[in-house]
Amino acid sequence: MSTNPVMLNGDEDEEFSAFVAIHAGALQSAGIPQIYWRSLHHKITNEIYDAGEVFGIMHFKQADEEDEGNAEKEEEEEEEMKKHNPGAVISRKVLVTRESGLQASESTSVFLVDHAWTCRVENARQALNELPGLLPRMAALMGVDFHGEAPDPDTVELLMERMWKYNQTYSLAQGSAEEKVPVWYVMDEFGSQVQHSDQPSCGMAPFFHIQGQLPYSVLWPLHDLQEGDEVTRDYAYGETDPLVRRCRLLPWIPADLEEVSSVTTEPPDSYYENIAQENKEQLPVEIQACAVPEDKILKVYSEMSQVTNNLKHPRFQLTDSKEEADIMWMYSHIKDYRKLSEERPHVMLNQFPCENLITVKDCLAAVARRVNGGQSPDWLPETFNLHTELPQFIKHYQLKQQRGEDNTWICKPWNLARGLDTHITNNLDYLIRQRESTPKVVCKYIEDPVLFQREDAGTVKFDIRYMLMLRSVQPLRLYAYNVFWLRFANRPFSLDHFDDYQKHFTVMNYAEGVKLKQVHCNEFIPMFEEQYPLYPWKDVEAELFKVFKELFQAASSRPAPYGICPYPSSRAIYAVDLMLKWSTRQNGERFMQPQILELNFSPDCARACLYHPSFYDHMFQTLFLDQPEHCPVTQIA
């Protein structure tokens, strides 16, 4: 279809106005100049893919090894090519083929690029194996030899690795947590051959058309282009830091990071100050702690059905009025502690100011470094913040690779739970590219976990959840609920097929069509001790409690916003998820080292309430009545 000037009638003009009203923010965020918006709307509405009228893909052959006479010339051309488009010598590139070239000032100089493959990473292997025609198309697009008909495992594995040189990403701003998980896509044969340049000739960005519920990529010129000019884009668009830019381009352009250290220490104070500013949390004024009279019935306001359905203790009475509440047990985060402290200082809360320092994964890793004076403690997997520590992580990865050590890592969003948008891989390209989606940390994957023998599934991974009750910060008073919860993988553990959810993940209660293995802790302990007779559970648990104490001591060792704020009216419960891994002492003795995975604010306590109906009675009695001696809890600090 031709790119004629766009002529609109009244109805089309109204449709365009609606288009702009819905998409203006996304168009501006993508950097698509306003001059192109009307034409873009016209092309989307009429499904006009007219890039082929303006551009062509040029194929290059590698230098003929026997042609010695041209060898020197070929090397000169290769070096010149690298100057304009650094990295490996490319076999294809996109050129302007229209005689009249392309003018940036023309409103029609904007082009739709189709997406050849869109998926969530956990479904990629299945798609390559099952979707007709997908594997041969991706193999041809990514330069992988494939001449068969049925998918073979080696080709699938190679494509799973190479896709990270082609994948692009976007995520939806609205919807459930699952719907907001980033989507990865490969552009069509045209879009995928647009090469990188530090001085790009074109801009390119993903665009989701809400009315049509379809994703596109959009291409437009950054300046006038003549026939024969190359179409390029910036693979690290928007990155101004030279070192981080080199790191982000590493999947395509080898780089020397000799000057980079792999050592990470606790971030500067400005890190915490910026987080506090972004959170818009108003810290409380100083107040005096107030004792609860022994005969007082405390009125509880809660927006959580688990609390309202299960809190039965006679000293607590539910109320629908925040104004008359003595306790507010909230699911949503409280922001204005200042107002509460000034107007209702003795209303007790289920949250602490600045508790995000332990419940958000990048902050947890930062605060934990206080334990050893800057280095990560033994009870936390090596962790790097991909936003602020990408160069250090890459250097660390390269050093481990040189030493021949296991290099499997797990990449997690800062602030999501239940395994959402979590990736396990030993592919450095894959890990680097995760920086382009939601903010993430990358943690060393536990390659030698303590396993559990399931009669129905073999030797599997498992993790443990403890409920911790923080009564106060100054002095530190911390309790653990004596009942703990277990989660199991469904397939035998091995260090491969990292996209096999039922092998490498334990969160099964939110996944459809998978078995949820449930074992009560009272049943688990004798089974564990039978499998590991040299490791009594009371000794393992004592070590766990020591770790919990160290973490909360570190998190409360500095004033807010650098530590948890010691607000006297605050109480909280946190779910801490952990695993055990095998480590070796200097004398060669093997031991079980706890590994904290994450802490969750306002955890899902459905299982706790189902099997222990007095769970919330125990929580409230310990936290608000100061009667832990009547509850199944252990004081840790």
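Refer to the structure above for everything that follows.
This next bit is on the pattern of salt bridges. For side chains bearing opposite charge, pairing can occur when the charged atoms are close. Under the definition given, this model contains 36 salt bridges. A salt bridge links Asp 234 to Arg 245; the shortest N-O distance between them is 2.7 Å. Highlighted residues: Asp 234 in the loop between β10 (230-233) and α7 (242-248) and Arg 245 in helix α7, separated in sequence by 11 residues. Arg 435 is the partner of Glu 239 in a salt bridge, and the nearest nitrogen-oxygen pair spans 3.5 Å. Highlighted residues: Glu 239 in the loop between β10 and α7 and Arg 435 in the loop between α14 (428-433) and β18 (440-444), separated in sequence by 196 residues. Take Glu 239 and Arg 435: they sit in the same class, and that class is buried. One continuous salt-bridge network, built from bridges that share partners, spans Asp 463, Arg 465, Arg 487 and Asp 577.

It is the contact of helix α8 (residues 269-279) with helix α12 (residues 361-368), at a shortest axis distance of 12 Å, that shows an interaxial angle of 150°. Between α8 and α12, the angle falls in the class roughly antiparallel. The two elements α8 and α12 meet at a crossing, and its hand is left-handed. Listed contacts from α12 to Tyr 271, Tyr 272 and Ile 275 of α8 are Asp 362, Cys 363, Ala 366 and Val 367.

Attention shifts here to the packing of helix α16 (residues 521-531) against helix α17 (residues 537-555). The contact between α16 and α17 brings their axes to 10 Å, and the two run at 110°. Between α16 and α17, the angle falls in the class roughly perpendicular. Contact residues: α16 offers Phe 524, Ile 525, Phe 528 and Glu 529, while α17 offers Trp 537, Lys 538 and Val 540.

Here the focus is the sheet that holds strand β8 (residues 202-209). Reading across the sheet, the three strands line up as β3-β9-β8 and stay open at both edges, with antiparallel pairing between neighbours. Only two strands of the sheet have a single partner each, and these edge strands are β3 (111-113) and β8. This sheet shows a mean twist of 35° between the axes of neighbouring strands, independent of strand direction. With three bridges joining them, β3 and strand β9 (residues 214-221) adopt antiparallel strand pairing. Residue Val 113 lies in a different strand from β9, and its bridge partner there is Ser 217. Its contacts with the sheet put helix α2 (residues 37-45) on β3, β8 and β9, and the angle it makes with β3 is roughly 45°.

This part takes up the nonpolar core. Residues Tyr 466, Phe 528, Phe 548 and Phe 620 are the most contacted members of the largest nonpolar core, which totals 100 residues. Residue contributions to this core peak at 10 residues, all from α17. Dropping the residues within four chain positions of it, Phe 548 is found in contact with Tyr 466, Leu 468, Leu 478, Val 576, Leu 578, Ile 596 and Ile 636. Among the nonpolar cores identified, the runner-up in size contains 24 residues, and Trp 117, Cys 119, Ala 124 and Trp 184 belong to it.

Two elements, strand β2 (residues 92-96) and β10, share two bridges in a ladder whose sense is antiparallel. Bridge assignment links Leu 95 to a residue of β10, and that residue is Glu 230. Sheet topology places strand β7 (residues 195-196) next to β10; two bridges connect them, and they run parallel. Its bridge partner being in β10, His 196 is matched across the sheet by Arg 233.

Cut-offs applied
- Residues numbered from 1 in each chain as written.
- Predicted model: local features only at pLDDT ≥ 70, side-chain atom pairs only at ≥ 80, totals over all residues.
- Heavy atoms only, no water.
- Salt bridge = Lys/Arg side-chain N within 4 Å of Asp/Glu carboxyl O.
- Helix = DSSP H or I, 4+ residues; strand = E, 2+ residues; numbered from the N terminus.
- Buried < 20%, exposed > 50% of the residue type's maximum accessible area, 1.4 Å probe, protein only.
- Axes fitted to C-alpha atoms, helices over the stretch in contact; angles between N-to-C directions.
- Parallel < 35°, antiparallel > 145°, perpendicular 65-115°, else oblique.
- Left-handed = near helix turned anticlockwise from the far one by under 90°.
- Contact = heavy atoms within 4.5 Å.
- Pairing = 2+ DSSP bridges.
- Core = buried A, V, L, I, M, F, W, Y, C linked by side-chain atoms within 4.5 Å.

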